[in-house]
Structure formats: structure tokens, C-alpha cells
Amino acid sequence: MDPAAFAAGFGQHTHNAAGLAILIGLTVFSTILSLLHMRERGRWTRRERDLMTELGMLRGAHDRADMLLNSERQVIVTWLGRGDPTIEGDVGLADGRRHGDGESGLLAFSAWLHVGDAQTLDTAVETLRARGTGFRLSLRTQSGRFIDAHGQALSGRALLRLRETTEEHRELLDLRLTLDEAKRGLVALGSLLDAIPQPVWRRNREGLLNWVNTAYVAAVEAGTREAAVAGGLELLDRQARDLIAREDGKRLATGGRAALRLSAVVAGGRRILDVTETAVESGRVGIAVDVSELESVRADLQRQMDANVRTLDQLPTAVAMFDARQRLIFHNAAYRHLWGLDQAFLESRPLDGEILDRLRALRKLPEQADFKSWKADVLAAYRAVEANEGWWYLPDGRSLRVVADPNPQGGLTYLFDDVSENMKLESRYNALMRVQAETLDTLKEPVAVFGADGRLTFANRAFATLWRFDAATLTERPRVDAVIAACRVLSPDEEPWLDIRGAITGLESRAGLTCRLEIVDGTVLDCAAQPLPEGATLLTLIDVTASVNVERALTDKNDALERTSRLRDTFVNHVSYELRSPLTNIIGFTQLLGDETVGALNERQREYSGHIMRSSGALLVMINDILDLASIDAGSLELSREVVDVRATVDAAVRGLEDRLSDSAIGLDLDVPDDIGSFVADGKRIRQILFNLLSNAVGFSTPGQHVRVEVRRSSSELTLAVIDQGQGMPPEVAARVFDRFESNTLGTRHRGVGLGLSIVRSFVELHGGHVVLDSMPGAGTRVTCIFPITEPTPRRAAAE
């Protein structure tokens, strides 16, 4: 081979191999890069899918958390470090307001929680944020709601959860109240069972005692309930308890409820008990009722029935008892003697119809044209609901009162009473009554007799003529109400007739009665109701018209005088009240003019205005005095008693007369000790008394004279005296000075209606005191008011 060609070919081949190697390398690199890209892309795709899945899960968790957070009223507060808090949830939980303290971002708990709860929560939150110490608190808001506060540290954050639990608290409170009510019910039931005198017990499922009442403890003489239960002290012996168990099984099978009557030792004595024991869910309960007394009563009842039979056998009234089948079950000796029947026949318990047939055969029954119908009527009493009474007139002349009384259990009881002798006595009694009636019928005074049943049994001709009763009405024996109704047509006054009716029909008290009746024609009757034996009442009437007319004349005269007095008082009261209203307007408008608020007045107008004011004031005082006297006469004036300072009262009365004293140039001397003190009285009336006395003294004094007020006190009296230096008064004037409307000027310029001293005396007497007048012509006048001193009732200390 050519080396050159070989070298050229080898070079060419080498060049091709290198290119191929490069191509293969690039291919491998691209493949590896693609594989790496695909792997990375798959990994990123899986990561993206995982991230999307995780994001979906996070969104679901967030939605669930949001749903849980919003499912109830709650707020979640989180702190990261010392930054501001993040608040989520129902901010309306804090009364609809969100608060921040401006620095730490905490809720302002004190704004909506109670002060103590807010401080407690603030402290717990600070501890949580500082140390991570969790807590759980129950808080109350100021509006009365309940909040559950739960704090904990989570992932470096402080988390506070506030949740409203008001409804839970209410449900818990209702549950507690229900439980308390149930407990009280159980306690009450236990107390009730302890209060009943019958032994009561409860057994568990094993049949052992687990509770007994107080009566059971006393019955087994255990001392205490615990001792009876712990010792298993049984009231009944083993044989009785086994019998109860067997009977209880039978009762469950048959549905019976009867108690077992057993004998047991109760408190050391043998007693008969009705025992009832039944199964309950937790075991068995039982009660034992002592029927020893009942058994004794039953035996006594049987003995009593035997005694009653012996007693009925001794009665003169014939008694026969028949059962529901109309057979004779009992008869007494009087029944055998009445009908003369054979003892063997009666002891064979014959039917009622058979006895009637035998008595008819013996001709001992009343003669009857249709005996069959009469017998059916007699036997119809078995179907009656009430007792039936009849009369049998026997052929031998005897009269029988027959009572057929149905028995509650069926059957009939006959009572045969021989009243032949009674009818004879009644006949004689009726004859005697007719004689008495003829005697009373001849009297001129109206007379009537009412029986115990309230019916008119007799009225003489005078009574019938007075009240206009006809013979037919009297024959019907009308009741007292009908008689009174007819009499009230002529004497309509209701009150005396009510008394008469009570005297006739009264049962409790049987006393005589006297009253007066007035008839429309002017006749006046004195009525007397006198009780008679056997519940009857005698009514007599006497004409007293003449004496009543004289009495009426005197009464009318007295009534006329009283009406005159009342008319005077009414006139005074009416005029006084009618005058006060316009007078108040006059005084008001005069003051308005005098103050010149509506315009200036000239000198004469001011003078006239002053005269109007003084005259109106005097007239108002006079009207007030008249009203006070009218109130005193009517008894409606009441004193307002209080502790009155004597010195202050005198000064107040004097101040009302200072202008008048000054204008009249009259001096005033006060003789009031400094230690005069106080007394209990109506302060307003005391001032009025002093004012009236001083007014009189000033009115009867001349310029330059002095009026003196003297007050003295003793242990029992307070004396107020007003002395003037006027001309005094003669005895005949002094005797009338306290009378109303008695005015005497005695030549002075003093004018008045004569009521001042009358009011003084009335007020002093209302206080329980009296007035003394000393006056002589030329020696002045002294009026002394003497009041009794009554100590005020000491008030109790506040501690009492």
C-alpha cells in the first residue's frame, strides 16, 4: 500500500471519526440535558401540584377555621412580640365597640367588663405575653352577659379567645335550679314520709333495707334511721315477708291490689297491720297501716248492732226490715204484737207480699175495694228514692202511721206507729183551741197568733178589720211573709216589719219585741210580739195615735229650732266663702295699683288705695274669723300640735301690730321670762289668740297708754295675759263679751263684728284650757288665757 495514500486515507478516516465522536458527544449531551430537563420539569410539576394541593388544603383549613370562628359569638386576639394585637371574630361581643390603648393594642376591657373581671383579665394577658402562661377565666360584662376567656401561647404568639357563654350559663343555672327543685322535692317527700305515722320502708334489689321513715324507726325501736338500716331490723317476721313475696307474684299475675292483713310487734306491742309492698325500679317499697283500732271498732260496731237490735225490740213502734228481694230480715217484738203473727212464720223470712196476704186473710188490713192495686202501691215503695208516709185505718178502730223508708243497700224498712191515742188528744186540743179563739175574737184590740212554722194560726176580727184581710185568706193560714206584704200596703215602713218577722221566725233568741207602726191614715199603733210555748208568737196592737200626736208637736218644734240654727250656720259659711274669692281679687289688684306697676298714682289715689287695702284686710280677717268659728261648730277644725317656742310666738304676734302701735302712739311692755321655754300646742292658733287680744287692747287704748303682755309658767300650766289701760267695761258688758257678734265700742273708735274674743275662747278651749276676763270701769281690762302643759312624747332612739 502506498504510505502516502495510506496516510492520506488514515488522516481522512481520523477526521471522520473525530467528527462522528463530536456528533455522538453532542447527541449524548443533548439527550442527557433533555433527560435532566424532563426530570427537573417533572419534579417542578409534582412540586407545583403538591403546592396547589397544600394551598387547597390551607384554603379549606382557613375556611373551616373561619366557619368555626364565626359559628358562635367569639373574638380571637393574637399578639406577635410586643406589637399591636390582631383582632378577629365578632367584635360586637364587646358591646359592638373595638378599643385600643394606643400603645400595646390591648382591648380596653374595663370599658365593657366589670371592673374586677377587667383587672383580672389584664393581669392574665400580661402574664401570657410575658411568660407564655395559659389561663381560662369566666367573666361578666357590664350588660350582664357571660364571657369565657381562654389564653395560650402558640408558635411564638400569644392567643386570647373570648367566647360568649351567656346561654350556657343560663342553661346551667336552669339545670341547677331544676336539680335544686328536685332536691327540695326529695327533701319534702322525705319530710312528708317522716311526718306520717305509718311505717314506710324501701328495699334494694337484694331485698335489704336501705331507707326507713321515722315511724318505722319507732316501730322497731332502733333509735336512729341509720341503726335500723345498718342492723337490718325488720318490722315483719320471715314468714310474713315470704307471704308478701308470694302474694306479690299472684298480684302481678292477676292485677290485684289488695293489702295483706298481718300481725306484727310494733313498739313492743302486738298490732294488726295492713301491709302493702310493691316493686319499683330500684327495688321495693312498702307501707304498713295500723288497723288495730279499725278491728276494734268493727267489733264494737257488731256489738252496737246487737245492742240496737235489742233496743229496737223494746220500742213500742213496730219495725220490720226487708231486703232487696222483699224478704223479711228483721222484726221487733212490737211488730209481732201489732199484727199477732206466728213467730215461726216470721222466722221463715217470708216475702212482704206474703205477709200482706196473710194480714188480709186475718182481716187486719184496711178494707180495700181493689186489694191488688192497693198492694201494688204498697210494694212500689221498694222502687222509691225517698221515704213514703201513709195512714192505715184498721177495722178494729186503730189508726196507724206507716213510714216506708228505702234502705241504701236495697230493701225497705217499715215503721208502724199506733197514733190512735194521739188523734183523740188532738181532737180535744182542737176543741180547746176553738174556745180560746172565740174568746180572743171578742177583743177590741187586734190580736194574731203565729205558729212555730211561721204561719198565721189565728187572727181576731179586729186584726182582720184593721189590715183588711178577708175570711178566705185567713182560712189558708198564710205565712208571715205574705201577712207582712199585705200589711205593708197600709203601713209601708219596712224596718218594724223586719223586726216583727225576726221575732216570729227567729230560732236562736225568743224574746219579746215592742215597736211602732204608722198607718197611711195617720193612725199610730204600738205593736208587741210575745213568744208563746211550742214556738208560737202572740202579736198584739194598741192604738196610741193621741199620745203620738202630742209627741210629734213637741218634736216638730224642736226640729224647727235646729233647722233655724243650721240655716244660720249654712248662711254664714256660704256667704263667707263667697266673699273670700272677690275680696282676694280686690286685695290683689289694690296691691298692684299701690305698687304703681301699671302707672303712677297721685297723692289722693294713693290715699284711696291705702283705704281700700286696710278695709279689705279688715274684711278678710273678719271672714277668716267667721270660717274658723264655723269649722269649730262643725267639729272639723283640728289642731296641728307641735313644740311651740313661747318667746318666738309672742314676738311673731307683736310684729303684726308694730305699725298699728306706732300709729296709735301706744307703748308695748313684754313681761316674758328668758327661761319660759316651750310647750305643745298649735303655734298658728296661739299667734292668732295673741294677735286678737293685742288688737282689742290697742283698739280700746288711747294714745300714750301702754299695753302689757305677761307670760308665766308653772309645772302644769302656761298663762298668757294681755293687759290694757283703757276705760274697762261694766259687768253686764263683760258677761257678753265672749259671745259671737257681740260688739261694744264703749265710746272708743274701735270697730269690729264681735268675733275676736269668741275665737280666742274657742281656740283656748280646743287646747283644753280656759279664759279669764278681769275688767272694771276706769281700771282697764286683763284677759288671761290658761293652757295645760303636756310634755311631748320622747322620740325613740334611732338604734331602736
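These figures come from a predicted structure and were not determined experimentally. (Residues numbered from 1 in each chain as written. Predicted model: local features only at pLDDT ≥ 70, side-chain atom pairs only at ≥ 80, totals over all residues. Heavy atoms only, no water.)

**Here's the deal with the overall build of the protein**
Point 1. From N to C terminus, the protein includes 23 helices and 27 strands.
Point 2. Across the 800 residues of the protein, 33% fall into the buried class.
Point 3. Nonlocal contacts in the protein, meaning residues at least 24 apart in sequence, comprise 48% of its contacts between residues at least 6 apart.
Point 4. For the protein, the accessible area works out to roughly 49500 Å², and carbon and sulfur atoms hold 55% of it. (Helix = DSSP H or I, 4+ residues; strand = E, 2+ residues; numbered from the N terminus. Buried < 20%, exposed > 50% of the residue type's maximum accessible area, 1.4 Å probe, protein only. Contact = heavy atoms within 4.5 Å. Areas by Shrake-Rupley, 256 points an atom, 1.4 Å probe, with all protein chains shown as cover.)

**What about the packing of aromatic side chains?**
Point 1. By the definition in use, this model includes twelve aromatic pairs.
Point 2. Their ring planes at 90° and their centres at 5.5 Å tell us that Trp339 and Phe416 sit as a pair that is edge-to-face. One end of the pair, Trp339, is in helix 8 (residues 333–339); the other, Phe416, is in strand 15 (residues 412–418), with 77 residues separating them in the sequence.
Point 3. The interplanar angle of 35° and the centroid separation of 5.8 Å between the aromatic rings of Phe371 and Trp374 together place this pair among those described as tilted. Residue Phe371 and its partner Trp374 are both found in helix 11 (residues 371–379); the two are separated by three residues, about one turn of the helix. For the pair formed by Phe371 and Trp374, the shared burial category is buried.
Point 4. Grouping aromatic residues by their ring pairs yields a cluster made of Phe322, Tyr335, Trp339, Phe371, Trp374, Trp392, Tyr414 and Phe416.
Point 5. Over the aromatic face of Phe371 sits the side chain of Arg360, whose NZ or CZ is 4.6 Å from the ring centroid. (Phe/Tyr/Trp six-rings, centres within 6.5 Å; stacked < 30°, edge-to-face > 60°. Lys NZ or Arg CZ within 6 Å of the ring centre and 35° of its normal.)

**A few points about the pairing of strand 27 (residues 781–788)**
Point 1. Of all eight residues making up strand 27, six are buried, and the element is well covered by its neighbours.
Point 2. Pairing geometry for strand 25 (residues 717–724) and strand 27, over eight bridges, is antiparallel. Within strand 27, the residue paired with Leu720 across the bridge is Cys785.
Point 3. Bridging between strand 26 (residues 770–775) and strand 27 involves six bridges; their strand directions are antiparallel. What sits directly across from Asp774, in strand 27, is Arg782.
Point 4. The hairpin formed by strand 26 and strand 27 contains five residues between the paired strands, and Gly778 there has a positive phi angle of roughly 85°. (Pairing = 2+ DSSP bridges.)

**Topic: the nonpolar core**
Most often, soluble globular proteins keep nonpolar side chains buried together rather than apart.
Point 1. Counting 43 residues, the largest nonpolar core has Ile689 and Val711 as its most contacted members.
Point 2. Per-element accounting of this core gives the leading share, seven residues, to helix 21 (residues 683–699).
Point 3. If you look at the next biggest cluster of nonpolar residues, it comprises 29 residues, including Ala320, Trp339, Phe345 and Leu365. (Core = buried A, V, L, I, M, F, W, Y, C linked by side-chain atoms within 4.5 Å.)

**Some details on the state of the cysteines**
Chemically, a disulfide is nothing more than a covalent bond linking the sulfur atoms of two cysteines.
Point 1. Applying the stated criterion across every chain, the model contains zero disulfides.
Point 2. As a non-bridged cysteine, Cys527 has Cys515 as the owner of its nearest cysteine sulfur, 4.3 Å distant.
Point 3. Judged by relative accessible area, which is 3%, Cys527 ranks as buried. (Disulfide = S-S within 2.5 Å.)

**Observations concerning the confidence of the model for the protein**
Point 1. Here the protein shows a mean pLDDT of 78. Residues at 70 or above account for 80%.
Point 2. Here helix 1 (residues 3–70) is the element of the protein with the lowest mean pLDDT, 60, and strand 27 is the one with the highest, 92.
Point 3. In this model residues 793–800 is a low-confidence stretch, pLDDT under 50, and it forms zero contacts with partners more than four residues away in sequence or in other chains. (pLDDT = per-residue confidence, 0-100.)

**With respect to the pattern of salt bridges**
Point 1. Under the criterion given, the structure shown has 25 salt bridges.
Point 2. Note that Glu389 and Arg401 form a salt bridge whose closest N and O atoms lie 2.7 Å from each other. Of this pair, Glu389 sits in strand 13 (residues 388–393) while Arg401 is found in strand 14 (residues 399–406), placing the two residues twelve residues apart along the sequence.
Point 3. When its relative accessible area of 46% is taken as the criterion, Glu389 is described as partly exposed.
Point 4. In this structure Arg401 comes out as partly exposed when scored by relative accessible area, which is 29%.
Point 5. Measuring nitrogen to oxygen at the nearest pair gives 2.6 Å for the salt bridge that ties Asp671 to Arg708. In this pair, Asp671 is assigned in strand 22 (residues 667–671) and Arg708 in strand 24 (residues 706–713), connecting sequence segments 37 residues apart.
Point 6. Here Arg708 falls in the partly exposed class, since its relative accessible area comes to 30%.
Point 7. Taken together, the salt bridges that share partners define one network made up of Asp671, Arg708, Glu710, Arg712 and Arg782. (Salt bridge = Lys/Arg side-chain N within 4 Å of Asp/Glu carboxyl O.)

**Examining the side chain of Thr545**
Point 1. Looking at the secondary structure, you find Thr545 in helix 17 (residues 545–594).
Point 2. Relative accessible area serves as the criterion here: at 18%, Thr545 is assigned to the buried category.
Point 3. Looking at Thr545, its side chain comes within polar contact range of the side chain of Asp543, at 2.5 Å.
Point 4. Once residues within four sequence positions are removed from consideration, Thr545 is found in contact with Gly522, Thr523 and Val524. (Polar contact = N/O pair within 3.5 Å; in protein donor to acceptor, adjacent residues only side chain to side chain.)

**Focus on a negative patch on the surface**
Point 1. On the surface, Asp493, Glu494, Glu495 and Asp499 cluster together to form a negatively charged patch.
Point 2. Mapped onto the elements of the fold, Glu495 is located in helix 16 (residues 494–505). (Patch = residues over 30% accessible without salt bridge, like charges linked within 9 Å, V, L, I, M, F, W, Y side chains within 5 Å. Lys, Arg positive; Asp, Glu negative; His and termini not counted. Charge placed at Lys NZ, Arg CZ, Asp CG, Glu CD.)

**What to know about helix 16**
Point 1. Given a rise of 1.5 Å per residue, twelve residues ought to cover 16 Å, and the 16 Å separating the end C-alpha atoms of helix 16 matches this to within 8%.
Point 2. Residues of helix 16 that are buried include every one of Pro496, Trp497, Ile500, Ala503 and Ile504, and no others. Taken end-on, helix 16 shows its buried residues confined to a sector of 120°, consistent with a single buried face.
Point 3. Looking at the packing, one finds that the buried side of helix 16 touches strand 16 (447–450), helix 13 (461–467), helix 15 (480–487), strand 18 (513–518), strand 19 (524–531) and strand 20 (537–543). (Expected span 1.5 Å × (residues − 1). Arc of directions from axis to C-beta.)

**Digging into the packing of helix 15 against helix 16**
Point 1. It is the contact of helix 15 with helix 16, at a shortest axis distance of 11 Å, that shows an interaxial angle of 160°. Judged by the angle between their axes, helix 15 and helix 16 are roughly antiparallel. Every pair of crossing elements has a handedness; the one defined by helix 15 and helix 16 is right-handed. For the pair helix 15 and helix 16, the contacting residues are Val480, Asp481, Ile484 and Cys487 in the first and Trp497, Arg501, Ile504 and Thr505 in the second.
Point 2. Split by residue class, the contact of helix 15 with helix 16 holds five nonpolar, one polar and two charged. (Axes fitted to C-alpha atoms, helices over the stretch in contact; angles between N-to-C directions. Parallel < 35°, antiparallel > 145°, perpendicular 65-115°, else oblique. Left-handed = near helix turned anticlockwise from the far one by under 90°. Nonpolar A, V, L, I, M, F, W, Y, C, P; charged D, E, K, R; others polar.)

**Focus on the environment of Glu277**
Point 1. Relative to the assigned elements, Glu277 resides in strand 9 (residues 269–280).
Point 2. Overall, Glu277 belongs to the buried group, its relative accessible area being 11%.
Point 3. Measuring from C-alpha to C-alpha, the distance between Glu277 and Ala288 comes to 8.6 Å, with eleven residues separating the pair along the chain.
Point 4. Polar side-chain contacts of Glu277 include one of 3.4 Å to the side chain of Arg203.

**Some words on the packing of helix 21 against helix 23 (residues 756–766)**
Point 1. Running from amino to carboxyl end, helix 21 crosses helix 23 at an angle of 150°, the nearest separation of the two axes being 9 Å. Looking at the two axes, helix 21 sits roughly antiparallel to helix 23. Relative to helix 23, the crossing made by helix 21 is left-handed. Where helix 21 abuts helix 23, its residues Arg685, Gln688, Ile689, Asn692, Leu693 and Asn696 lie against Gly756, Leu757, Ile759, Val760, Phe763 and Val764.
Point 2. Classifying every residue of the contact of helix 21 with helix 23 gives seven nonpolar, four polar and one charged.

**Remarks on the sheet that holds strand 24**
Point 1. Spatially, the five strands line up as an open sheet ordered 22-24-25-27-26, and their pairing is mixed. A strand with exactly one partner marks an edge of an open sheet, and here the two such strands are strand 22 and strand 26. The sheet shows a mean angle of 15° between the axes of neighbouring strands, direction not considered.

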